[in-house]
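Each chain, letter by letter, is given below.
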Amino acid sequence: MAAVAVSVAGLLTLSACGGGDSQGSGGGQAAKRKVEVFSWWTGPGEADGLKAMREIFAKQNPNFEFFDAAVAGGSGDQARALLASKLQANQPPDTFQGHAGAELQGYIETGKLEPLNFLYDELKLKEVFPQQLIDQISVQGQVYSVPVNIHRSNMLWYNPSVLKEAGIDGPPKTIDEFITDLEKVKKTGKIPLSIGSQWTLVHLLESVLLGSLGTDAYNALWTANADWSSPEMTKALENFKTILSYTGSPQDDWQPAAKQVADGEAAFNIMGDWAYGYFHNPPEGGLGKESHKDFDWAPSPGTDGTFMWLSDSFTLPKGAPNRDGAIAWLKVAAGKEGQDAFNPLKGSIPARKDADKSLYKDYLAWDLEQWANDKLAGSIQHGVVANDQWRQAITDAVGLFQQDKDVAKFQQALVAAAKNSGQ
Amino acid sequence: MTRVRRWLPGLLLVSPSIILIAIFVYGLLGWNFKLAMTDKHDEIAEIPGNFVGLENFTGIWSEERWGLSVRHAIVFTVVFVGGALVLGWFLAFLMEKGIRAEAGFRAVYLFPMAVSFIATGVVWRWLMNSATGEQAVGLNRLFHYLGLDFLQWQWFRDPDWGMAAMAIPAIWQMSGYIMALFLAGFRGVPEELREAARVDGCGEWGVYRHVVLPMLRPVTLSALIILGHISLKVFDLVVAVSGKQIITDVPATFMWTAVYDSHDPAKGATIASYIVLSVAVFVVPYLIWDARKGKRS
């Protein structure tokens, strides 16, 4: 779970990974059937988490062999491009990673995925996942994926000493307070709010929408009777415009933007909770900063009590060559043991409510607490509430708005995006 | 029988490439145009799409993003082609004046050609970082050290002229090659002609103006076409410098998001068709001109 930017390495891997997934090893050894697991977990942390789950899988399923079909590239852009062509040719992997929610909708509508209700019943998953999560990933009563982890999108990261210097007592609770605080920081000459490339603005937009509209109105945006042309929406977009006027110059991606906060150049940054690992991890993969001292966090302004979630999940494609193996993998991915092995390494929390709390420290402990108690809302940028077409239309509208700052036109574009999404 | 023997081996020799080109270039081009004229706006669903004529080709002009990406491509092309031609010509001009260690300089100017646009883009992304003032890095930092703070600007993030900045790495990369072309052109001007002009009382500038430059016209045209077609389909450089952002959107990056993010094959094919057509506008007149010239001689 990282950047959306097309990475060079990813482009190269895309072309290099075309074949190489043929079934059956020959060799004459006792038939150990391969299970092809398609993911984009290749970065530090996430690859370790996948390995931990893989070990559990090997222990529980001696007659299956795990085949890692991971495609590099943050946020899975490259992986999804390759996956789409495989599914279109009806040559699916046994199971593949996807963001839980609307991102899978295209596959569901075209009948590429098997419903997993039987698995949910067998493992009694409806009792261990939050009800709202099940509701938000169900399509007409059917569930098509097993969420392995949960990330939180609506997070405000800030630098306590920069806030102190600007005379701000604590993190802002509402959007209005946020704007006041941004103005205060501006007077000190620091960057009030750091931003990265275009997708980080879509990420910022979802937090501002949630904070301005409130949870229920935000969730209603993704239902059939959504009203994107309301005056409340206009107000929310005006807020977005005001907040954008306090941003520093755009950085190449989310990491340099987060780093500006850690280095004391900027006061605030709104980014998902993968930023925590970047702030906190030792210098090989992170900045080695101390939480609550060098950096601190709060729910993004106006969203306390609501958890804007996104989740990586696994699916069961129709016509999977090794269906039994895929189901065995899904059982590991859904299980307590698998989730507790994966998540502490990945820096996320389990979707299950019965996780072993002692494994999750510092931010993750706070996160787990919020997950258990908060209302839920789904992320736009990370594939929960809007399908790919819709999300791309919103991204385009944000990119154009970034240049002309015309709220009325922006809102029209969003109304059109909702209408044309086919969702 | 003897006639067959004359042409058959030759045909057999080239037939593999004829077949491959027929399928993979012209066959796929045709397939692309066919797809662009359907309403297959969903990638995964197994629908072939209905024929809709030129609807996609006209409809795309009502999209703001398309207008922007076309404008960007034009700005990029004008700055890149103009810049590389002028700089390449100037370098060749200096070379031609007979400087010392010419071979060394020639190699240095040609080296950037060996670098891929991706690698160039990664380096220039850092050089053209848009931060200014205290946070400046890259070229803006250099301007800061030199006390030229007024020169700091947003580079490719400038809303109006960002694409002109995007052309700088491309100029850096290609001007050496253009220099080599021009240098060969300069060398192809017979010394006798220059002598004759000088005898007729032409100054050094006049020799260039009336003798050398007219003789460079074919070289200039080749250079223009080579640069033009690179420029109109530019993708790798833009992606390496800025990724898929509207601020530097060009038709090729728009095509990429249309196909892989919006899952709209018909729209992607439409954009691809426009790119092919725009390149054809450059290349076809050249081919015709070239063929005519061949016939005359």
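Source: prediction; values computed, not measured.

**A word on the overall build of chain B**
Regarding its fold elements, chain B presents 13 helices and zero strands. Ordered by position in the sequence, the α and β elements of chain B form the string α-α-α-α-α-α-α-α-α-α-α-α-α. When contacts within chain B are restricted to residue pairs at least 6 apart in sequence, long-range pairs at least 24 apart make up 67% of them. For chain B, the distance from the average position of its 25 positive side-chain charges to the average position of its 23 negative side-chain charges is 11 Å.

**Quick word on the overall build of chain A**
Within chain A, the secondary structure is distributed over 19 helices and 15 strands. Relative to its length of 423 residues, chain A is compact, with a C-alpha radius of gyration of 21 Å against a globular reference of 22 Å. The principal-axis extents of the C-alpha atoms in chain A amount to approximately 75 × 45 × 45 Å. A total of 423 residues make up chain A; the buried ones form 58% of that total. Carbon and sulfur atoms provide 50% of the accessible area of chain A, an area that totals close to 15600 Å². Averaging the locations of the 37 positively and 51 negatively charged side chains of chain A gives two centres separated by 2 Å.

**Re the pattern of salt bridges**
Following the criterion strictly, the structure yields 27 salt bridges over all chains and no others. Between Arg 125 of chain B and Asp 252 of chain A there is a salt bridge; the shortest N-O distance is 3.6 Å. Of the two residues, Arg 125 of chain B is situated in helix 5 (residues 117–127) and Asp 252 of chain A in the loop between helix 12 (231–244) and helix 13 (254–262); the pairing between them involves two chains. Asp 261 of chain B is the salt-bridge partner of Lys 244 of chain B, the closest N and O atoms lying 2.9 Å from each other. Here Lys 244 of chain B is found in the loop between helix 11 (236–242) and helix 12 (251–261), whereas its partner Asp 261 of chain B is found in helix 12, with 17 residues between them in sequence. Pair check on accessibility: Lys 244 of chain B and Asp 261 of chain B agree, each one buried.

**A short note on the packing of helix 10 (residues 198–213) of chain A against helix 18 (residues 388–404) of chain A**
Residues and elements named next belong to chain A. Viewed as axis vectors pointing N to C, helix 10 and helix 18 meet at an angle of 105°, and their least axial separation amounts to 9 Å. The orientation of helix 10 relative to helix 18 falls into the category roughly perpendicular. Residues Gln 198, Leu 201, Val 202 and Leu 205 of helix 10 form the contact with helix 18, whose own contacting residues are Ile 394, Thr 395, Val 398, Gly 399 and Gln 402. Grouping the constituent residues of the contact of helix 10 with helix 18 by class yields five nonpolar, four polar and no charged.

**Focus on the domain arrangement of chain A**
Residue and element names in this part refer to chain A. Domains assigned within chain A are domain 1 (34–150 + 309–378) and domain 2 (155–308 + 386–420). On a C-alpha basis, the centres of domain 1 and domain 2 stand 27 Å from each other. Both faces combined, the contact of domain 1 with domain 2 buries some 1900 Å², and carbon together with sulfur accounts for 53% of it. In this structure, the connection of domain 1 to domain 2 is made through one salt bridge. Here Lys 375 ties to Asp 216 by a salt bridge, and the two come within 3.8 Å at their closest N and O atoms. The interface formed by domain 1 and domain 2 holds nine residue pairs in polar contact (both at pLDDT 80 or more) in total.

**As for the side chain of Asn 239 of chain A**
All names here are of chain A. Turning to its location among the elements, Asn 239 is positioned in helix 12. Separated by 3.1 Å, the side chains of Asn 239 and Ser 212 make a polar contact. Setting aside chain neighbours within four positions, we find Asn 239 in contact with Ile 175, Ile 179, Val 208 and Ser 212.

**Quick notes on unusual backbone geometry**
Despite not being glycine, Lys 124 of chain A shows a phi value in the positive range, around 55°. Its relative accessible area of 48% is what places Lys 124 of chain A among the partly exposed residues.

**Quick word on the confidence of the model for chain A**
Confidence in the prediction of chain A, expressed as mean pLDDT, is 89, and 92% of residues score 70 or more. Here residues 1–29 of chain A is a poorly scored stretch, pLDDT under 50, and it has 48 contacts once near neighbours within four places are set aside; other chains count.

**As for the pairing of strand 7 (residues 149–152) of chain A**
Residue and element names in this part refer to chain A. On strand 7, burial covers both faces: Asn 149 and His 151 on one face and Ile 150 and Arg 152 on the other are all buried. Both strand 7 and strand 14 (residues 349–350) contribute to a ladder of two bridges, which runs antiparallel. Note on strand 14: the bridge partner recorded for Asn 149 is Pro 350. Two strands pair when backbone bridges link them, and strand 7 and strand 12 (residues 306–310) are joined in this way by two bridges, in the antiparallel orientation. By the bridge assignment, His 151 is partnered in strand 12 with Leu 310.

**Description of the packing of aromatic side chains**
All names here are of chain A. Overall, the coordinates contain 48 aromatic pairs over all chains when judged by the stated rule. Relative to Phe 295, the ring of Tyr 276 has its centre 6.2 Å away and its plane inclined at 55°; by these criteria the two rings are tilted. Placement of the pair is Tyr 276 in helix 14 (residues 274–280) and Phe 295 in the loop between helix 14 and strand 11 (296–299), with a sequence separation of 19 residues. Since its relative accessible area comes to 0%, Phe 295 is described here as buried. For the ring pair Tyr 363 and Trp 366, a centre distance of 5.7 Å and an interplane angle of 35° mean the geometry is tilted. Of the two residues, Tyr 363 and Trp 366 both sit in helix 17 (residues 363–373), three residues apart, roughly one turn of that helix. Classification of Tyr 363 as buried rests on a relative accessible area of 0%. Take Trp 366: its relative accessible area is 23%, and that puts it in the partly exposed class. Ring pairing ties together the aromatic residues Trp 157, Tyr 276, Phe 279, Phe 295, Trp 297, Tyr 363 and Trp 366, which thus form one cluster. Here Arg 80 stacks its cationic end above the ring of Trp 40, 5.6 Å away from the centre of that ring.

Quick notes on the rules
Residues numbered from 1 in each chain as written. Chains lettered and ligands numbered in written order. Predicted model: local features only at pLDDT ≥ 70, side-chain atom pairs only at ≥ 80, totals over all residues. Heavy atoms only, no water. Helix = DSSP H or I, 4+ residues; strand = E, 2+ residues; numbered from the N terminus. Contact = heavy atoms within 4.5 Å. Lys, Arg positive; Asp, Glu negative; His and termini not counted. Charge placed at Lys NZ, Arg CZ, Asp CG, Glu CD. Rg over C-alpha atoms; globule rule 2.2 N^0.38 Å. Buried < 20%, exposed > 50% of the residue type's maximum accessible area, 1.4 Å probe, protein only. Areas by Shrake-Rupley, 256 points an atom, 1.4 Å probe, with all protein chains shown as cover. Salt bridge = Lys/Arg side-chain N within 4 Å of Asp/Glu carboxyl O. Axes fitted to C-alpha atoms, helices over the stretch in contact; angles between N-to-C directions. Parallel < 35°, antiparallel > 145°, perpendicular 65-115°, else oblique. Nonpolar A, V, L, I, M, F, W, Y, C, P; charged D, E, K, R; others polar. Domains from an automatic or database assignment. Buried area = accessible area lost by both parts, 1.4 Å probe. Polar contact = N/O pair within 3.5 Å; in protein donor to acceptor, adjacent residues only side chain to side chain. pLDDT = per-residue confidence, 0-100. Pairing = 2+ DSSP bridges. Phe/Tyr/Trp six-rings, centres within 6.5 Å; stacked < 30°, edge-to-face > 60°. Lys NZ or Arg CZ within 6 Å of the ring centre and 35° of its normal.

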